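# Observations on chain architecture
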Amino acid sequence: MKRIITYGTFDMLHYGHINLLKRAREMGDYLVVALSTDEFNWISKNKKTYFDFEKRKQLLEAIRYVDLVIPEESWEQKLTDVVKHDIDTLVMGDDWEGKFDYISENTDAKVVYLKRTPEISTSQIKKDLNGVN
Ligand code: C2G
């Protein structure tokens, strides 16, 4: 069984996120999503999410490509996550290109960066909505 993991905030879930999750799941048989907690978002990414962790988790768990959602509480947990969850491949969008190569250098897990879906992002949605009175 090929096990995949990916990480993210997944706020205001959109088709860019779904494209990533679909391709990640299609690389194996089981997909773990490490979902950034509200604290991690605020302290480490300076992101205030529209939906809180529980709601973002509920949305992800409803997606057919997602098999398990775990909390992402630190940047460092990736090294232990890939061992704990017996991960074959860590997948991220290519806006993170190269940032997690240390995982493949220090564990048996491969790291793959997939093309981001252009033109859609949570911040773009917020910007567009703000323009609408
Ligand atoms: N993504 C994508 N296309 C988009 C938007 C996002 O492929 N148009 C991908 C991102 O590259 C990422 C995933 O969807 O792999 C989740 O995106 P975010 O929720 O923005 O996650 P991010 O803030 O990048 O957090 O430790 C890693 C971080 O938790 C990643």
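Look above for the structure.
Residues numbered from 1 in each chain as written. Predicted model: local features only at pLDDT ≥ 70, side-chain atom pairs only at ≥ 80, totals over all residues. Heavy atoms only, no water.

### Examining the site of the ligand
- The environment of the ligand is formed by 22 residues, the closest being Lys47, Glu72, Lys78, Asp95 and Ile120.
- One of the side-chain nitrogen or oxygen atoms of Ser36 is found 3.4 Å away from an oxygen atom of the ligand.
- In isolation the ligand offers 630 Å² of accessible surface; the protein chains occlude 95% of this area.
- The set of elements that each furnish at least two residues to the shell around the ligand consists of β1 (3-8), α1 (15-25) and β4 (89-93).
- Looking at the shell around the ligand, the element that brings in the most residues is α1, giving three residues. (Near = heavy atom within 4 Å. Polar contact = N/O pair within 3.5 Å; in protein donor to acceptor, adjacent residues only side chain to side chain. Areas by Shrake-Rupley, 256 points an atom, 1.4 Å probe, with all protein chains shown as cover. Helix = DSSP H or I, 4+ residues; strand = E, 2+ residues; numbered from the N terminus.)

### Some thoughts on α1
- Among the residues of α1, Gly16, His17, Leu20, Leu21 and Ala24 are the ones counted as buried. Seen along its axis, α1 keeps its buried residues to an arc of 130°; they face one direction.
- On its buried face, α1 sits against β1, β2 (30-36), α3 (53-61), β4, β5 (110-114) and α6 (122-131). (Buried < 20%, exposed > 50% of the residue type's maximum accessible area, 1.4 Å probe, protein only. Arc of directions from axis to C-beta. Contact = heavy atoms within 4.5 Å.)

### Considering the sheet that holds strand β3 (residues 68-72)
- One open sheet accounts for five strands, arranged β3-β2-β1-β4-β5; its pairing is parallel. A strand with exactly one partner marks an edge of an open sheet, and here the two such strands are β3 and β5. Averaged over all neighbouring strand pairs, the angle between strand axes comes to 25°, with direction disregarded.
- Two strands pair when backbone bridges link them, and β4 and β5 are joined in this way by five bridges, in the parallel orientation. (Pairing = 2+ DSSP bridges. Axes fitted to C-alpha atoms, helices over the stretch in contact; angles between N-to-C directions.)

### Describing the packing of aromatic side chains
- Applying the stated criterion across every chain, the model contains four aromatic pairs.
- Between Tyr50 and Phe51, the ring centres sit 5.0 Å apart and the planes meet at 80°, which makes this aromatic pair edge-to-face.
- Residue classification places Phe51 among the partly exposed residues on the basis of a relative accessible area of 26%.
- Both rings, one in Trp96 and one in Phe100, keep their centres 5.3 Å apart while their planes meet at 25°; by these two values the pair is stacked.
- Given a relative accessible area of 28%, Trp96 falls into the partly exposed group.
- Residue classification places Phe100 among the buried residues on the basis of a relative accessible area of 6%.
- Cluster of aromatic residues (ring-pair linked, three or more members): Phe40, Trp75, Trp96 and Phe100.
- Against the face of Tyr7 rests Lys78, its NZ or CZ located 4.6 Å from the ring centre. (Phe/Tyr/Trp six-rings, centres within 6.5 Å; stacked < 30°, edge-to-face > 60°. Lys NZ or Arg CZ within 6 Å of the ring centre and 35° of its normal.)

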